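Reading the structure
Now for the letters of each chain:
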Amino acid sequence: MEKLFSKVLQVKLRCSDCEERKASIRVTIDLQMTSNPVHKRDLLVKLTDDMDPYFLFNLSISEEDFQSLKVQQGLLIDFASFPQKFIDLLNLCSSEQEMDNPRFLLHLSCQSPVLEGPANFSVVETNAFKHLNHLSLRLAQGSDKEIKDYLAVCLSSLKTEKQVLEMKLKKTEDDLSRQLSYAQQTLSEKTKELDKLRSDWTSQTSCLSSRHSLELQSEREKVVELQDRLQQQTEQLRQELESAHKKNNQQLQSRLSELEASCKELTERKYKNESVIRDQKIKLVGVEEECQHLKQQVLSLRRENSTLDTEVHEKERLVSQLQMRVAVLEQEISDKDQLMRRTKEMLEATQQQKESVEGNAESKELQIKKLEATVKSLSEELIKANGIIKKLQGEVRGLVGKIKVKNTVTVSQEKVLQDVSDKLQDVTKDLQSTHQQLITKNEQVSKLKEQLETTVQKLNESREVLKTNENVISWLNKQLNERQLSREPPESLGSPSVLSTTAGQRADFYPQTGKPALSPVVTADVTPAEQQTMQPANRQFGLDSKYFGRRDDSIPISGLLSNHLNREFPQLTKPSVTSAYFSA
């Protein structure tokens with residue numbers, strides 16, 4: 001037997017002395033091969049109701065029956081193409097049954113007031129002019145034997161569905177138990193790792209705070225010493241320049257007086273020569289040569305005057321540069337004070353961050369306890385579902401036994417069938433409820449999986465952050481060691497050129513290669529002119545060599561503070577602080 005069509009369709013039911021109503025009826029078309037050598041194929045049309053197991057109408061159409069049907073209703077097709085054309089009409093009815101005014105309709109009419117006995121099943125096309133009846137089939141109501149066979153088929157299908165559901169339930173139980181054990185194991189491992197990380201973090205923060213306070217104190221003392229030394233140097237230089245300037249002024253004034261005297265003598269000599277010219281025309285050539293020689297001397301003296309003026313301007317410019325450098329040193333001292341205040345603020349922020357990390361850990365422990373409670377409740381509900389399924393199996397077996405025993409009794413057969421149908425409906429409802437419960441449990445299990453995945457992802461992120469911090473720390477230590485090796489000894493303060501290079505030097509709290517180790521917040525407050533004056537400070541002065549050595553039990557303060565500020569303090573006014581090692 002080959003099944004060609006099986007679908008639930010909207011059918012209009014018409015009975016005598018009753019109102020027309022719509023019902024959802026399953027239409028099934030099967031092609032059955034027979035042993036008759038003349039007519040090898042029969043077309044079986046069956047109408048059933050999923051909500052009413054006693055609703056059954058059958059029709060078997062052989063090739064001879066189709067020939068008479070073809071003549072009666074004026075069909076233009078043969079028996080081979082009749083099933084497909086009939087299925088096409090039914091598909092048209094199913095596609096238009098949701099419309100307000102469908103074009104194709106299905107009618108099931110009966111002469112009795114109740115759907116009993118033979119009934120006409122017809123496909124009708126409606127239009128504004130007439131209702132066209134494309135096909136009309138006379139179906140017979142199913143006998144008791146046919147209803148029993150139909151109920152037996154339904155019962156076998158329910159049994160197979162129940163077995164499939166039992167297999168799925170058992171499989172899901174095994175998967176859930178395995179996943180629960182794995183989740184508990186991973187949770188215990190992650191809690192151990194979290195405790196270890198927390199202890200490491202507290203020890204590192206305490207060690208860093210103590211080191212930072214010692215370094216700040218030493219750097220403060222160095223800054224004070226450097227300031228005193230620079231003040232002494234600038235005072236000594238100023239005195240030397242003043243004495244040299246006074247000497248130069250005295251020499252220039254004496255030179256000017258001599259030049260003025262010589263100029264006066266030359267003018268007197270000129271007047272004398274002019275008076276003597278009339279008398280001494282013979283000495284004219286010699287006097288002209290002397291005049292030219294005097295003119296050359298005047299030019300040389302003027303050149304010497306201009307060179308002296310340029311030297312005076314250069315000395316004045318040097319004095320102004322030294323004054324500017326003194327102002328820059330004062331500004332650097334104020335910047336160092338601001339750095340100290342900001343480092344104190346950062347230490348307070350790390351304390352707040354530590355408190356927030358402890359609060360997050362407590363909330364994670366509460367969530368883990370809630371997840372364990374939900375898993376326990378899920379296991380209890382699955383045990384209850386197993387008990388319900390076993391009870392249903394027992395009831396179905398009892399019903400089958402009753403049906404076999406009571407088949408001999410013809411008088412009470414209708415009552416027994418009614419009871420069996422009611423119980424079957426209850427069984428189907430119970431199966432549907434258990435199926436829905438299984439769906440809800442699967443959803444809860446998927447949610448628990450997602451929560452576990454999120455916790456694992458957060459722990460992986462915290463590990464990645466720790467790895468990146470360790471890489472940064474190792475790189476910074478390497479750079480500090482390279483810089484310690486490549487540092488040159490400070491030059492002596494001997495000439496003004498050396499003083500011009502050493503006057504802009506300052507102490508560096510965080511020595512690194514190439515750039516000053518200031519946080520992004522501090523560098524944002526420094527102007528480009530101040531950055532240019534601050535660049536030479538990284539050449540010779542800085543921390544002592546004992547702070548450049550690499551320590552295995554600690555993290556450099558420069559790496560921690562720069563990473564912390566870049567990640568957690570984009571603005572100083574931001575109140576919320578998250579951890580650089582643990583995700584919130």
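Summary of the structure given here.

Another aspect to go through is the overall build of the chain. Along its length, the chain carries 9 helices and 7 strands. Relative to its full complement of 584 residues, the chain shows a buried share of 30%. Roughly 38600 Å² of accessible area belongs to the chain as shown, and the carbon and sulfur atoms make up 53% of that amount.

To continue, consider the nonpolar core. Across soluble globular proteins, nonpolar side chains have a tendency to be buried as a group. Membership of the largest hydrophobic core comes to 38 residues, with the highest contact counts inside it found for Leu47, Phe86, Leu90, Leu108 and Phe121. Among the elements that line this core, the one with the most residues is helix H2 (residues 82-96), at 6 residues. Those residues in contact with Phe86 that lie beyond four places of it in its chain are Ile29, Val45, Phe121, Val123, Leu135 and Leu137. Counting residues in each nonpolar core, the second largest holds 10 residues, with Leu158, Leu392, Leu424 and Leu431 among its members.

The next thing to look at is the packing of aromatic side chains. Counted according to the given criterion, the structure contains 4 aromatic pairs. Centre to centre, the rings of Phe55 and Phe57 are 5.2 Å apart; their planes meet at 65 degrees, and the pair counts as edge-to-face. Taken individually, Phe55 and Phe57 each receive the classification buried, so the pair is uniform in this respect. With a centroid separation of 5.9 Å and an interplanar angle of 10 degrees, the aromatic rings of Phe82 and Phe86 are classed as stacked. Linking Phe82 with Phe86, this pair stays in helix H2, spanning 4 residues, or about one helical turn. Residues Phe82 and Phe86 agree in their burial class; the two are buried. One aromatic cluster in this structure is built from Phe66, Phe79, Phe82 and Phe86.

Roughly 1100 Å³ of volume is contained in the largest pocket. Taken together, 34 residues line the largest pocket, and the ones lying closest to its centre are Asp50, Tyr150, Cys154, Ser157 and Leu158. Contributions of two or more residues to the lining of the largest pocket are made by strand S1 (2-15), strand S2 (21-33), strand S3 (41-48), strand S4 (56-61), helix H3 (144-277) and helix H5 (413-486). Here the lining of the largest pocket takes 12 residues from H3, the largest share from any one element. In terms of residue class, the lining of the largest pocket is made up of 13 nonpolar, 10 polar and 11 charged.

On the basis of which strands lie adjacent, the closed barrel formed by 7 strands has the order S1-S2-S3-S4-S7-S6-S5 and mixed pairing. Taken pair by pair, the neighbouring strands of this sheet meet at an average axis angle of 35 degrees, ignoring direction. Where strand S5 (residues 104-110) meets strand S6 (residues 119-126), 6 bridges bridge the pair, whose relative direction is antiparallel. Considered in S6, the bridge of Leu108 is made with Phe121. Together, S1, S2, S3, S4, S5, S6 and strand S7 (131-141) form the strand contacts of H2, whose direction differs from that of S1 by roughly 55 degrees. Here H3 sits on the sheet and contacts S3, S4 and S7; the angle it forms with S4, its principal contact strand, is near 105 degrees.

With that settled, the discussion passes to the pattern of salt bridges. Under the definition given, this model contains 12 salt bridges. Salt-bridge contacts for Glu20 lead to Lys12; the nearest nitrogen and oxygen are separated by 3.6 Å. Note that Asp175 and Arg178 form a salt bridge whose closest N and O atoms lie 2.6 Å from each other. Within this pair, Asp175 and its partner Arg178 are both found in helix H3, separated by 3 residues, close to a single helical turn.

A cluster of acidic side chains, namely Asp195, Glu355, Glu358, Glu362 and Glu365, defines a negative patch on the protein surface. In terms of residue count, helix H4 (residues 284-405) provides more of the negative patch than any other element does, 4 residues in total. By the secondary structure assignment, Glu362 is in helix H4.

Within S3, 6 of the 8 residues are buried, which leaves it mostly tucked inside the rest of the structure. The pairing of S2 with S3 spans 8 bridges and is antiparallel. Bridge pairing in S3 links Val27 to Leu47. Judged from the 6 bridges that link them, S3 and S4 form a sheet pairing that is antiparallel. The residue bridging Leu47 from the neighbouring strand is Phe57, located in S4.

Turning our attention to H2. In this model, H2 (15 residues) spans 22 Å end to end at C-alpha, consistent with the 21 Å of a helix rising 1.5 Å per residue. Buried within H2 are the following residues: Phe82, Pro83, Phe86, Ile87, Leu89, Leu90, Cys93, Ser94 and Glu96.

For Leu69, the position within the fold is in helix H1 (residues 63-73). A residue is classified by how much of its surface remains accessible, and Leu69, at 10% relative accessible area, is buried. Note: C-alpha distance between Leu69 and Leu137 (68 residues apart in sequence) is 8.6 Å. For Leu69, the contacting residues outside a window of four places in its chain are Gly74, Leu75, Leu135, Ser136 and Leu137.

Cut-off values and rules
Residues numbered from 1 in each chain as written. Predicted model: local features only at pLDDT ≥ 70, side-chain atom pairs only at ≥ 80, totals over all residues. Heavy atoms only, no water. Helix = DSSP H or I, 4+ residues; strand = E, 2+ residues; numbered from the N terminus. Buried < 20%, exposed > 50% of the residue type's maximum accessible area, 1.4 Å probe, protein only. Areas by Shrake-Rupley, 256 points an atom, 1.4 Å probe, with all protein chains shown as cover. Core = buried A, V, L, I, M, F, W, Y, C linked by side-chain atoms within 4.5 Å. Contact = heavy atoms within 4.5 Å. Phe/Tyr/Trp six-rings, centres within 6.5 Å; stacked < 30°, edge-to-face > 60°. 1 Å grid on protein atoms, 1.4 Å probe; cavity = no way out; pocket = protein on both sides within 12 Å on 5 of 7 lines; lining within 4 Å. Points joined across faces, edges and corners; volume = space filled by probe spheres on them. Nonpolar A, V, L, I, M, F, W, Y, C, P; charged D, E, K, R; others polar. Pairing = 2+ DSSP bridges. Axes fitted to C-alpha atoms, helices over the stretch in contact; angles between N-to-C directions. Salt bridge = Lys/Arg side-chain N within 4 Å of Asp/Glu carboxyl O. Patch = residues over 30% accessible without salt bridge, like charges linked within 9 Å, V, L, I, M, F, W, Y side chains within 5 Å. Lys, Arg positive; Asp, Glu negative; His and termini not counted. Charge placed at Lys NZ, Arg CZ, Asp CG, Glu CD. Expected span 1.5 Å × (residues − 1).

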